[in-house]
Amino acid sequence: MISAPHLSHLNERQRMECQREEELCEHQCEPEHCSNCSDCLTTASQSNSDSPITLKILQKWVPTISPYFDKEHYCYVGQQITIQESIDYFGAIVWPGALALSQYLESHQQEINLRDKKVLEIGAGTGLVSIVASILGAYVTATDLPEVLENLNFNISRNTQNLNVHKPEVRKLVWGEDLNEDFPRPTYHYDLILASDVVYHHAALEPLLTTMVYFCQPGTVLLWANKFRFSADYEFLEKVSNIFNVKLLAEFPESTIKLFKVTAREN
Ligand SMILES: C[S@@+](CC[C@H](N)C(=O)[O-])C[C@H]1O[C@@H](n2cnc3c(N)ncnc32)[C@H](O)[C@@H]1O
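For clarity, every value in this text was computed on a predicted model and none was experimentally measured.

### What about the packing of aromatic side chains?
For step 1, the next point in the chain: One pass over the full model with this rule turns up 10 aromatic pairs.
For step 2, the next point in the chain: Taking the centre distance of 5.5 Å and the plane angle of 85 degrees together, the rings of F183 and F215 count as edge-to-face. Placement of F183 in the loop between α5 (179–182) and β7 (192–196) and of F215 in helix α6 (residues 205–215) is noted, with a sequence separation of 32 residues between them.
For step 3, the next point in the chain: With a centroid separation of 6.0 Å and 50 degrees between ring planes, the pair formed by W224 and F228 is classed as tilted. Of the two residues, W224 and F228, neither departs from the other in class, the shared state being buried.
For step 4, the next point in the chain: Members of the aromatic cluster, connected to one another through ring pairs, are F183, Y188, Y190, Y214 and F215.
For step 5, the next point in the chain: The ring of F183 carries the charged tip of R171 above its face, separated from the ring centre by 4.2 Å.
For step 6, the next point in the chain: Between the NZ or CZ atom of R185 and the centre of the ring of Y214, over which it lies, the distance is 4.3 Å.

### Considerations on the site of the ligand
For step 1, the next point in the chain: Lining the immediate surroundings of the ligand are 19 residues, of which W95, G123, D144, W175 and S196 lie closest.
For step 2, the next point in the chain: Between an oxygen atom of the ligand and a main-chain N or O atom of W95, the distance comes to 2.8 Å.
For step 3, the next point in the chain: The backbone of W175 places a nitrogen or oxygen atom 2.9 Å from a nitrogen atom of the ligand.
For step 4, the next point in the chain: Contact with the protein chains removes 95% of the 580 Å² of surface that the ligand exposes when unbound.
For step 5, the next point in the chain: Grouping the amino acids of the shell around the ligand by side-chain chemistry returns 13 nonpolar, 4 polar and 2 charged.

### Concerning the nonpolar core
For step 1, the next point in the chain: Among the nonpolar cores identified, the biggest contains 39 residues, and I81, L105, L114, L128, L194 and L223 are the most heavily contacted of them.
For step 2, the next point in the chain: Once you skip the residues sitting within four places of it in the chain, L194 turns out to touch L101, L105, V119, L120, E121, I122, V129, A133 and L223.
For step 3, the next point in the chain: With 27 residues, the next largest nonpolar core counts L120, F228, F236 and V262 among its residues.

### Some details on the packing of α6 against helix α7 (residues 231–243)
For step 1, the next point in the chain: At a closest axis distance of 11 Å, the pairing of α6 and α7 adopts a crossing angle of 30 degrees. Classified by the interaxial angle, the pair formed by α6 and α7 is roughly parallel. In this structure, the crossing between α6 and α7 has a hand that is right-handed. In this structure, α6 contributes L205, E206, L208, L209, M212 and V213 to the contact, and α7 contributes F236, K239, V240 and I243.

### Section: the confidence of the model for the chain
For step 1, the next point in the chain: Considering every residue of the chain, the mean pLDDT works out to 80; 73% of them sit at 70 or more.
For step 2, the next point in the chain: Every residue in residues 1–47 is under pLDDT 50, and counting partners more than four places away or in other chains gives 96 contacts.
For step 3, the next point in the chain: Below pLDDT 50 for its whole length, residues 59–68 participates in 31 contacts with residues either more than four positions away or in separate chains.

Cut-offs and rules
Every chain begins its residue count from 1, and numbering advances along the sequence as written. Local features are withheld for residues below a pLDDT of 70 in this predicted model, meaning they are given only at 70 or higher, and side-chain atom pairs are given and counted only at 80 or more; totals for whole chains, interfaces and linings count all residues. Neither water nor hydrogens contribute to the side-chain values; these are computed over all heavy atoms in the structure. When the centres of two rings from Phe, Tyr and Trp lie within 6.5 Å, Trp using its six-membered ring, the rings pair. Their planes under 30 degrees apart give stacked, over 60 give edge-to-face, and anything left gives tilted. Secondary structure elements follow DSSP: runs of H or I of four or more residues count as helices, runs of E of two or more count as strands, with numbering from the N terminus. Whether a residue is buried, partly exposed or exposed follows from its accessible area with a 1.4 Å probe, protein chains only, as a fraction of its type maximum: under 20%, in between, or over 50%, in that order. To sit over a ring, a charge needs its Lys NZ or Arg CZ within 6 Å of the ring centre and within 35 degrees of the ring normal. One heavy atom suffices: a residue is near a molecule or strand as soon as one of its heavy atoms comes within 4 Å of it. Definition of a polar contact: a pair of N or O atoms within 3.5 Å, with one able to donate and the other able to accept a hydrogen when the atoms are protein atoms, and with sequence-neighbouring residues admitted only if both atoms are side-chain atoms. Only the protein chains shown count as covering a residue, and every accessible area follows the Shrake-Rupley method with a 1.4 Å probe. Classification used: nonpolar for Ala, Val, Leu, Ile, Met, Phe, Trp, Tyr, Cys and Pro, charged for Asp, Glu, Lys and Arg, polar for all others including Gly. Throughout this description, the term nonpolar core refers to a set of buried Ala, Val, Leu, Ile, Met, Phe, Trp, Tyr and Cys residues connected via side-chain atoms within 4.5 Å. In this description, contact between two residues means that some pair of their heavy atoms is separated by no more than 4.5 Å. Every axis corresponds to a line fitted to the C-alpha atoms, with the helix fit spanning only the stretch in contact, and the corresponding angles, defined between N-to-C directions, vary from 0 to 180 degrees. Here is the rule for angles: anything less than 35 degrees is roughly parallel, anything more than 145 is roughly antiparallel, 65 through 115 is roughly perpendicular, and the remaining ranges are oblique. Crossings are classed by handedness, with left-handed meaning an anticlockwise turn of the near helix from the far one by less than a right angle and right-handed meaning a clockwise turn. Confidence of the prediction at every residue is given by pLDDT, a number between 0 and 100.

The structure is reproduced here in structure tokens:
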């Protein structure tokens, strides 16, 4: 494990990420290039429909000792997934919530059947979750801020183009902006909304909530995985719970990541 002083050449956000991820996982698995082998990700307890499951280690995480982040390799649903990271934006690295959600989708294919489902990912970042959803058979639209889309598009294309999947779409979606214009209802109705680590230290929590309300209509399920870091994260959860039905599906106690199923309340 690397300690913080060794990270002095990295920028502030990278240091934050490295220190944060240090807490996440001390587990090492083989093979060397698989940073997230499902064989190593067994559930610690059997789930039943009423209680959240406790999931084990998220991944083998090895800090990249270089002035930039480059490629990370994952393995989900039997597919090698290569993610190009970069240093410029929050959406340029894979966050732990994405690993949690990808793992959950992979290991709960019967409960969350994605085959031919319409799926929207908000704040998709590097695209790992969208790629996993696509491999699982969904029609995926991956969205994020304009500056993130090039890398997102690159990752999604490279990891899905040779597979027999519905071609995923990459689109701009700035939370709370132009939703009616860009995603008019009922043309754009999704079975599932995916969101991982969309709640962190940023000023767009109200527009994020507006976006969740806009898309999470009756008949739609929002799966939201997040690492809980700050009191504001719990305050956001409370706001979500005041509007929607919220069920804790899984948690990773060693890393304070929780995964929720969110649905619209009956009127
Ligand atoms: C912490 S990153 C998580 C990325 C990815 N979901 C993951 O878990 O690896 C948060 C993501 O939300 C996006 N984001 C932040 N503010 C946004 C906004 N106002 N509208 C749309 N996306 C936003 C960022 O660009 C970034 O991709």
